[in-house]
Amino acid sequence: MPDAPPFWDTKTLEQLSPAEWEALCDGCGRCCLHKLRDPDDSALAYTAVACRLLDLDLCRCTDYPRRHARVPDCVRLTPEEVHQADWLPPTCAYRLRAEGKTLAWWHPLVSGDPETVHQAGISVRGRAVSERVAGALEDHVASWPRRWPKGAKGAKPPASEGRTRP
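Read on for a plain summary of the structure. Every value quoted in this text rests on a predicted model; they were computed, and no experiment measured them.

Another aspect to go through is the nonpolar core. Soluble globular proteins: nonpolar side chains tend toward being buried together. Ranked by size, the top nonpolar core spans 15 residues in total, and within it Leu13, Trp21, Leu24, Val82, Leu88 and Tyr94 carry the most contacts. Elements that contribute at least two residues to this core include exactly α2 (18–24), β2 (44–50) and α5 (93–98). Residue contacts for Val82: discarding those within four places in its chain leaves Leu13, Trp21, Leu77, Leu88, Tyr94, Arg95 and Ala98.

Structurally, Thr116 can be placed in helix α7 (residues 116–119). One polar contact links the side chain of Thr116 to the main-chain carbonyl oxygen of Trp106, over a distance of 2.5 Å. Non-local contacts of Thr116, meaning those with residues more than four positions away in its chain, are made with Trp105, Trp106, His107, Pro108 and Ser111.

Okay, the pairing of β2 next. The buried fraction of β2 amounts to six of the seven residues, a majority that puts the element mostly inside the structure. One ladder, built from four bridges, connects strand β1 (residues 33–37) with β2; its direction is antiparallel. Bridged to Arg37 within β2 is Leu44. Here β2 runs beside strand β5 (residues 129–130); their pairing, made up of two bridges, is parallel. Paired with Val49 across the two strands is Val129, which belongs to β5.

Before going further, it helps to examine the packing of aromatic side chains. Scanning all chains against the criterion turns up three aromatic pairs. Ring geometry for Phe7 against Trp8: centres 5.1 Å apart, planes inclined by 85 degrees, an arrangement best described as edge-to-face. Judged by relative accessible area, Trp8 falls into the buried class, the value being 12%. Judged by centre distance (4.5 Å) and plane angle (40 degrees), the ring pair of Trp21 and Tyr94 falls under tilted. Here Trp21 is found in helix α2, whereas its partner Tyr94 is found in helix α5, with 73 residues between them in sequence. Tyr94 shares its class with Trp21; the two are buried. When the ring centre of Tyr64 is taken as reference, the NZ or CZ atom of Arg67 above it lies at 3.6 Å. Over the face of the ring belonging to Trp144 we find Arg127, whose NZ or CZ atom lies 4.2 Å from the ring centre.

What counts and what doesn't
- Residues numbered from 1 in each chain as written.
- Predicted model: local features only at pLDDT ≥ 70, side-chain atom pairs only at ≥ 80, totals over all residues.
- Heavy atoms only, no water.
- Core = buried A, V, L, I, M, F, W, Y, C linked by side-chain atoms within 4.5 Å.
- Buried < 20%, exposed > 50% of the residue type's maximum accessible area, 1.4 Å probe, protein only.
- Helix = DSSP H or I, 4+ residues; strand = E, 2+ residues; numbered from the N terminus.
- Contact = heavy atoms within 4.5 Å.
- Polar contact = N/O pair within 3.5 Å; in protein donor to acceptor, adjacent residues only side chain to side chain.
- Pairing = 2+ DSSP bridges.
- Phe/Tyr/Trp six-rings, centres within 6.5 Å; stacked < 30°, edge-to-face > 60°.
- Lys NZ or Arg CZ within 6 Å of the ring centre and 35° of its normal.

Shown next, in the form of structure tokens:
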């Protein structure tokens, strides 16, 4: 008897339990990067500046339970917000599932390893700076958060990746 499909392939965002919702986060930290919106044309620009609560190595919030109290403009991501947000990076699992797409090979739910999100070049590890030291956001505009890294798309890792060492 074949295994049942995983919850992320069978449920809509609205059907996820709180634990499933949290598990869907890949831990990349891209949503924690500051974005700039042009007041004239609403164009969106990503920066490489992370929220002060983001651990830049682990790519996780250092005070997740109290983040909204400590950072009032921290977005409370909901299924409705996911469907409306134009600022979620294209690699975001919430965005992918909202668009009816499957999770990529590097997602920890697929790979079983939280390090694959970093190995695939999806996370902000080594690429972002904390808002505590950044200075002007305009000095840190970056295009990489809005792109898929080479070799990161697809359900399986490229042939050169995902191999175990002897």
